[in-house]
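Notes for the structure review
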Amino acid sequence: KQEVTQIPAALSVPEGENLVLNCSFTDSAIYNLQWFRQDPGKGLTSLLLIQSSQREQTSGRLNASLDKSSGRSTLYIAASQPGDSATYLCAVNYSGYALNFGKGTSLLVTP
Amino acid sequence: GAVVSQHPSRVICKSGTSVKIECRSLDFQATTMFWYRQFPKQSLMLMATSNEGSKATYEQGVEKDKFLINHASLTLSTLTVTSAHPEDSSFYICSARESGYTGELFFGEGSRLTVL
């Protein structure tokens, strides 16, 4: 079964800290991996897309890495802000169609 | 990025009635759209793949007669929950890929269905 696991399930940090969210997947034969943000009761906002041939992608304070051989991806958030509080979802594209999602990491950044 | 619009965002209905949710790609054409369901504090579970001009492909355990999917154009897919029951109450989200197999996937804002 192609599973996606995210650790930790929840994280609380003070404003200004750098933090890392982890994602692991069981099958390394992926098309790409995508990180999303979900605010309570809302849809998903795409943050970063990493193709299978890429090692990392950056957007502003966000950096996502991909290591297919070990089945891992990390999302690094620099200088966290209260507005970063949300659930972060990792999703793997195995089939070229739909995504397999992890359960997410719920992030709280306190002022 | 591309925009996917979903409507309605919230709907409350009585048990036994049917509810239709629309998903539109606003600035691109999507031959394939996906419908997901999300329970509280759970991840998104794929329900079905909606193919323009053909029948939807349903995931194992999803009742195709209960969750009717129509993808009549390259920019519109609809999900109809028929004879809704309280256990159908959930958050339904649609998504579409802008191009090819490796394109970025964009999501609608989701629809919160509450069945009384």
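An account of the accompanying structure is given in this report. All residue numbers refer to position in the chain's written sequence, counted from 1. Chains and ligands are labelled by the order in which they are written, letters from A for the one and numbers from 1 for the other. Selection of residues for local features in this predicted model requires a pLDDT of at least 70, selection of side-chain atom pairs for listing and counting requires 80 or more, and totals for whole chains, interfaces and linings are taken over all residues. The side-chain numbers reported here are obtained from all heavy atoms of the structure, hydrogens and water having been left aside.

1. Description of the overall build of chain B
- Per the convention used, a helix needs a DSSP run of H or I reaching at least four residues, while a strand needs a run of E reaching at least two, with both numbered from the N terminus. Broken down by element type, chain B carries zero helices and eleven strands.
- For chain B, the spread of C-alpha atoms along the principal axes amounts to about 40 × 25 × 20 Å.
- For every residue, the accessible area obtained with a 1.4 Å probe (protein chains only) is divided by the maximum for its type, and the residue is called buried under 20%, exposed over 50%, and partly exposed between those limits. Burial statistics for chain B: of 116 residues in total, 50% are counted as buried.
- Counting only contacts in chain B whose residues sit at least 6 apart along the sequence, the fraction spanning at least 24 positions is 53%.
- Here chain B displays about 5800 Å² of accessible surface, and carbon together with sulfur accounts for 50% of that area. Only heavy atoms enter the contact rule, under which two residues are in contact if any of them lie within 4.5 Å. Only the protein chains shown count as covering a residue, and every accessible area follows the Shrake-Rupley method with a 1.4 Å probe.

2. Here's the deal with unusual backbone geometry
- Cis geometry is adopted by the peptide bond preceding Pro-8 of chain A, which originates at Ile-7 of chain A and carries an omega value of 0 degrees.
- Counting through the fold element by element, Pro-8 of chain A comes out in the loop between β1 (4–7) and β2 (10–14).
- With a phi close to 45 degrees, Ala-79 of chain A is a non-glycine residue in the positive phi region.
- By secondary structure assignment, the location of Ala-79 of chain A is in the loop between β8 (72–77) and β9 (86–93).
- A relative accessible area of 36% places Ala-79 of chain A in the partly exposed class.
- Positive phi is not limited to glycine here, since Ser-83 of chain B has a value of about 45 degrees.
- Structurally, Ser-83 of chain B is set in the loop between β8 (76–81) and β9 (90–97).

3. With respect to the interface of chain B and chain A
- Contact residues are listed per partner, giving 20 residues for chain B and 21 residues for chain A.
- For the chain B and chain A pair, buried surface summed over both sides reaches about 1700 Å², with 54% attributable to carbon and sulfur atoms.
- For this analysis, a salt bridge means a side-chain nitrogen from Lys or Arg found within 4 Å of a carboxyl oxygen belonging to Asp or Glu. The interface formed by chain B and chain A holds zero salt bridges in total.
- Polar contact criterion, stated in full: a pair of N or O atoms within 3.5 Å, where within protein one must be able to donate a hydrogen and the other to accept it, and residues adjacent in sequence count only if both atoms are side-chain atoms. Counting across the chain B and chain A interface gives six residue pairs in polar contact (both at pLDDT 80 or more).
- Elements represented by at least two residues in the side of chain B that touches chain A include exactly β4 (32–38), β5 (44–51), β9 and β10 (105–107) of chain B.
- Looking at which element gives the most residues to the side of chain B that touches chain A, the answer is β4 of chain B, with four residues.
- Gly falls in the polar group here, along with every residue not listed as nonpolar (Ala, Val, Leu, Ile, Met, Phe, Trp, Tyr, Cys, Pro) or charged (Asp, Glu, Lys, Arg). Partitioned by chemical class, the residues of the side of chain B that touches chain A number nine nonpolar, eight polar and three charged. When two parts are brought into contact, each loses some accessible area as probed by a 1.4 Å sphere; the total of that loss over both is the buried area.

4. A short note on the sheet that holds strand β3 (residues 19–25) of chain A
All names here are of chain A.
- Strands pair, by our definition, only if DSSP identifies at least two bridges between them. Reading across from one edge, β1-β3-β8-β7-β6 is the order of the five strands in this open sheet, with antiparallel pairing throughout. Each edge of the open sheet is held by one strand with a lone partner, namely β1 and β6 (56–59). Along the sheet, successive strands turn relative to each other by an average axial angle of 15 degrees, direction set aside.
- Where β3 lies against β8, six bridges are found, and the strand directions are antiparallel. In the strand pairing of β8, Asn-22 is matched with Thr-74. Here an axis means a line fitted to C-alpha atoms, over the contact stretch when the element is a helix, while the angle between two N-to-C directions is reported on a 0 to 180 degree scale.

5. Concerning the packing of aromatic side chains
- Each aromatic pair joins two rings of Phe, Tyr and Trp (for Trp, the six-membered one) with centres within 6.5 Å, and gets the label stacked for planes under 30 degrees apart, edge-to-face for over 60, and tilted for any other angle. One pass over the full model with this rule turns up six aromatic pairs over all chains.
- An angle of 85 degrees between the planes, with centres 5.5 Å apart, marks the rings of Phe-101 of chain A and Tyr-36 of chain B as edge-to-face. Pair noted here: Phe-101 of chain A is in strand β10 (residues 100–101) and Tyr-36 of chain B is in strand β4, and the two residues belong to different chains.
- A relative accessible area of 10% means that Phe-101 of chain A is categorised as buried.
- Classification of Tyr-36 of chain B by relative accessible area gives buried; the value is 0%.

6. Quick notes on the pairing of β4 of chain B
All names here are of chain B.
- Most of β4 sits out of view: seven of its seven residues are buried.
- Residues Thr-32, Phe-34, Tyr-36 and Gln-38 of β4 are buried on one face, and the alternating residues Met-33, Trp-35 and Arg-37, pointing to the opposite face, are buried as well.
- With seven bridges joining them, β4 and β5 adopt antiparallel strand pairing. When the bridges of β5 are listed, Gln-38 appears paired with Leu-44.
- The antiparallel pairing of β4 with β5 creates a hairpin that spans five residues between the two strands, and Lys-41 there sits at a positive phi of about 60 degrees.

The values are spatial; any link to function lies outside them.
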